[in-house]
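What follows is the residue order along each chain.
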Amino acid sequence: MGINVNPHMQVAVVGLGLMGSSIVVSLLAAGHQVVALAPLPGEKETAIRHIVDLLRHADNSNLLAKGLAASVQALKVTEDYRDIASCRFVQECVIEDKEIKKIVYQKIADQVAKDTVIASNTSAIPISELQHFVPVPSRFIGVHWAEPAYMTRFLEVTCGAQTDMSVAEYVIQLGKNWGKEPTLLKKDIRGFITNRLMYAVYREALSLVEQGGTTLEDADKIFRYDVGSWITLMGIFRRMDFVGFDDYIDSFERILKQLSNRSDVPELMERMVAQVARGIHNCKGLYPYTEQQAKAWEEAFAHFNKDIYELASQYGEQQLIEAIPYDIEEDKLSRI
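Computed from a predicted model, the values in this text were never measured in an experiment.

Visitor: Is there a simple way to think about the overall build of the protein chain in this case?
Guide: Broken down by element type, the protein chain carries 14 helices and 8 strands. A globule of 336 residues ought to have a C-alpha radius of gyration of about 20 Å, and the protein chain, at 22 Å, matches this closely. Looking at the protein chain residue by residue over its 336 residues, the buried ones come to 37%. Summarising the internal contacts of the protein chain: among those between residues at least 6 apart in sequence, 68% fall at separations of at least 24. Accessible surface, the protein chain as shown: approximately 19900 Å² in total, 55% of it carbon and sulfur.

Visitor: Explain a nonpolar patch on the surface here, please?
Guide: A grouping of Leu 233, Leu 311, Tyr 315 and Leu 320 is seen on the molecular surface, where their side chains present a nonpolar patch of about 360 Å² in accessible area. Tracing the backbone through its elements, the reader meets Tyr 315 in the loop between helix H12 (291–314) and helix H13 (317–323). Judged by relative accessible area, Tyr 315 falls into the partly exposed class, the value being 41%.

Visitor: Which parts of the structure should I look at to understand the side chain of Ser 21?
Guide: Relative to the helices and strands, Ser 21 resides in helix H1 (residues 18–29). Of the residues examined, Ser 21 reaches a relative accessible area of 0% and is grouped as buried. Within the local environment of Ser 21, its side chain forms a polar contact with the backbone oxygen of Leu 16, the two atoms lying 3.1 Å apart. The residues contacting Ser 21, other than those within four sequence positions of it, are Leu 16, Ala 47, His 50, Ile 51 and Leu 54.

Visitor: What exactly am I supposed to notice about the nonpolar core here?
Guide: One recurring pattern in soluble globular proteins: nonpolar side chains tend to sit buried together. The biggest cluster of nonpolar side chains holds 45 residues, and the ones touching the most others in it are Val 24, Phe 89, Trp 145 and Val 171. Excluding its chain neighbours within four sequence positions, the residues that come into contact with Trp 145 are Met 19, Ile 23, Ser 26, Leu 27, Gln 91, Asn 121, Phe 154, Leu 155, Trp 178 and Lys 180. Val 14, Tyr 81, Ile 127 and Leu 130 belong to the second-largest nonpolar core, a separate cluster that totals 22 residues.

Visitor: Is there a simple way to think about the packing of H1 against helix H2 (residues 43–60) in this case?
Guide: To describe two helices that pack against each other, one gives the angle between their axes and the distance between the axes. Look at H1 against H2: their axes get within 9 Å of each other, and the N-to-C directions meet at 45 degrees. Put simply, H1 runs oblique to H2. Remark: the crossing between H1 and H2 carries right-handed chirality. Contacts between H1 and H2 involve Leu 18, Ser 21, Ser 22, Val 24, Val 25 and Leu 28 from the former and Ala 47, His 50, Ile 51, Leu 54, Leu 55 and Ala 58 from the latter. Residue composition of the contact of H1 with H2, grouped by class: 9 nonpolar, 3 polar and no charged.

Visitor: Is there a simple way to think about a negative patch on the surface in this case?
Guide: Taken together, the side chains of Asp 246, Asp 247, Asp 250 and Glu 253 present a region of like negative charge at the surface. Turning to its location among the elements, Glu 253 is positioned in helix H10 (residues 248–255). According to the relative accessible area criterion, Glu 253 is exposed, its value standing at 52%.

Visitor: Any chance you could explain the sheet that holds strand E3 (residues 75–78) here in plain terms?
Guide: Pairing within the open sheet is mixed, and its 8 strands lie in the order E3-E2-E1-E4-E5-E6-E7-E8. The open sheet has two edge strands, E3 and strand E8 (183–185), and neither has a second partner. On average, each strand axis in the sheet is inclined to that of its neighbour by 25 degrees, with strand direction left out of account. The pairing of strand E6 (residues 140–145) with strand E7 (residues 155–159) spans 5 bridges and is antiparallel.

Visitor: Can you walk me through the pattern of salt bridges in this structure?
Guide: Any two side chains of opposite charge can pair, so long as their charged atoms come close to each other. For the coordinates displayed, the defined rule picks out 10 salt bridges. Linking Glu 96 and Lys 101 is a salt bridge whose minimum nitrogen-to-oxygen distance equals 3.6 Å. Here the residues in one salt-bridge network are Glu 92, Glu 96 and Lys 101, joined through shared partners.

Visitor: What should I look at first to understand the environment of Phe 237 in this one?
Guide: Tracing the chain through its elements places Phe 237 in helix H9 (residues 231–243). Spatially, the C-alpha atom of Phe 237 lies 31 Å from that of Gln 91, the residues being 146 residues apart in sequence.

Visitor: How do you make sense of unusual backbone geometry when you look at a structure like this?
Guide: Excluding glycine, a negative phi dihedral is what most residues carry, and trans is how most peptide bonds are arranged. With omega at -5 degrees, the peptide bond leading from Glu 147 into Pro 148 counts as cis. Note on placement: Pro 148 falls in the loop between E6 and E7. In this structure, Val 276 is a non-glycine residue whose phi angle is positive, near 50 degrees. Relative to the assigned elements, Val 276 resides in the loop between helix H11 (267–274) and H12.

Visitor: Sorry, what's going on with H1 here?
Guide: The periodicity of an α-helix, 3.6 residues per turn, causes residues three or four positions apart to be oriented the same way. If you check H1, its first and last C-alpha atoms are 17 Å apart, about what 12 residues at 1.5 Å a residue would give, namely 16 Å. Along H1, 10 of the 12 residues are buried, which leaves the element largely enclosed by surrounding structure. Listed as buried for H1 are Met 19, Gly 20, Ser 21, Ser 22, Ile 23, Val 24, Val 25, Ser 26, Leu 27 and Leu 28.

Conventions adopted
- Residues numbered from 1 in each chain as written.
- Predicted model: local features only at pLDDT ≥ 70, side-chain atom pairs only at ≥ 80, totals over all residues.
- Heavy atoms only, no water.
- Helix = DSSP H or I, 4+ residues; strand = E, 2+ residues; numbered from the N terminus.
- Rg over C-alpha atoms; globule rule 2.2 N^0.38 Å.
- Buried < 20%, exposed > 50% of the residue type's maximum accessible area, 1.4 Å probe, protein only.
- Contact = heavy atoms within 4.5 Å.
- Areas by Shrake-Rupley, 256 points an atom, 1.4 Å probe, with all protein chains shown as cover.
- Patch = residues over 30% accessible without salt bridge, like charges linked within 9 Å, V, L, I, M, F, W, Y side chains within 5 Å.
- Salt bridge = Lys/Arg side-chain N within 4 Å of Asp/Glu carboxyl O.
- Polar contact = N/O pair within 3.5 Å; in protein donor to acceptor, adjacent residues only side chain to side chain.
- Core = buried A, V, L, I, M, F, W, Y, C linked by side-chain atoms within 4.5 Å.
- Axes fitted to C-alpha atoms, helices over the stretch in contact; angles between N-to-C directions.
- Parallel < 35°, antiparallel > 145°, perpendicular 65-115°, else oblique.
- Left-handed = near helix turned anticlockwise from the far one by under 90°.
- Nonpolar A, V, L, I, M, F, W, Y, C, P; charged D, E, K, R; others polar.
- Lys, Arg positive; Asp, Glu negative; His and termini not counted.
- Charge placed at Lys NZ, Arg CZ, Asp CG, Glu CD.
- Pairing = 2+ DSSP bridges.
- Expected span 1.5 Å × (residues − 1).

Put into C-alpha cells, the structure is as follows:
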C-alpha cells in the first residue's frame, strides 16, 4: 500500500458514545464523508443530537473549513452495517468488552472490502488479542484518540503482532491529514504509551496522598502550574535538553528507589468505584461538585481545549525545526 491517502474518502465510526461522536466530528472537520454507525438500539437519535452539538462547537471554534452545513451534509448516521460497505477506514469505538468487540468486528468484516483498515480505539485490550477477531489481522490496528477528538493533536497508533507496517505508516499519514501529531507504538505493550505514563503518575500521586505527604489539590497544582507551563511546548525529553543534565544522575539515584512500586489498587480509587462516582457526570468524584460547578468545568474544558489547540499549532515540532536550519557538518566541527 502506498502512503498517499485520499483525504476525502468515505470512512466510518462504529460506536457513538461520547468518544465515538467526538471522533466523527474530527473526521468531518478533516474533510471526510463519514458514516456514523450506532450499534445499540436507541443510540442513534441521542448520537445525532450530540454530534450536532459538537459540530456547532467545532464551527464556533473555526475548525470546520467547509462550514457547518457542508459537514452535516457529509455525515450519514445509521444503524445498518451495510452502509459502511464502501468505507476504506473503519474506527471501532464500542465499550471495552472483548466479546462485544468480537461481534462488532464480525459485522464490520461482513460488509467491508478485505483491504479496508479496521481500527480500535481501545486503551485497555491488547491489539494483538483483538486481531484474532478479524479475517485480515494484518490490516487491524489500534488508533487511540483523546477527548475532545476534534480539538486535540493527540493520536496514538499501536501495532498488533500481525499488523503490517505499511498499514501503520498509512494510518500515521491519515493522522497527519487529520491535523494530529500521531505517535507510533510498534510493539503491542499493555496500556500503550499514554496509559503507562499516566498510571505511573497516578500511582505515585495517590500513594503520596494516602501517606499524608500531599493532598489531591496540591498534586493537581503541581501539574497545572509547573508541568502545565511547558509540557505542550516541549514534552518531557526535550524539557531535559532544555534545562540540562547536570542534576539528573544524582536525582535518579536518590529518587527512583523511593518511588512507589505498589501493584494494588489505591484505596481512594476502590472507594470511588464503590460509590459509582463518575466525576462531573454525576457530581460524585475526587472533588465535590454542584450541578452548576460541574457544568462550569465542562464549559471551561471546551474553551481551554480551543485555546490550547490554537496555541500548540503556533509551536509545532516541524515549525521549530524549520525555523533554525540545522547544519550537520557544522555541528560535527563544533564537537571536535
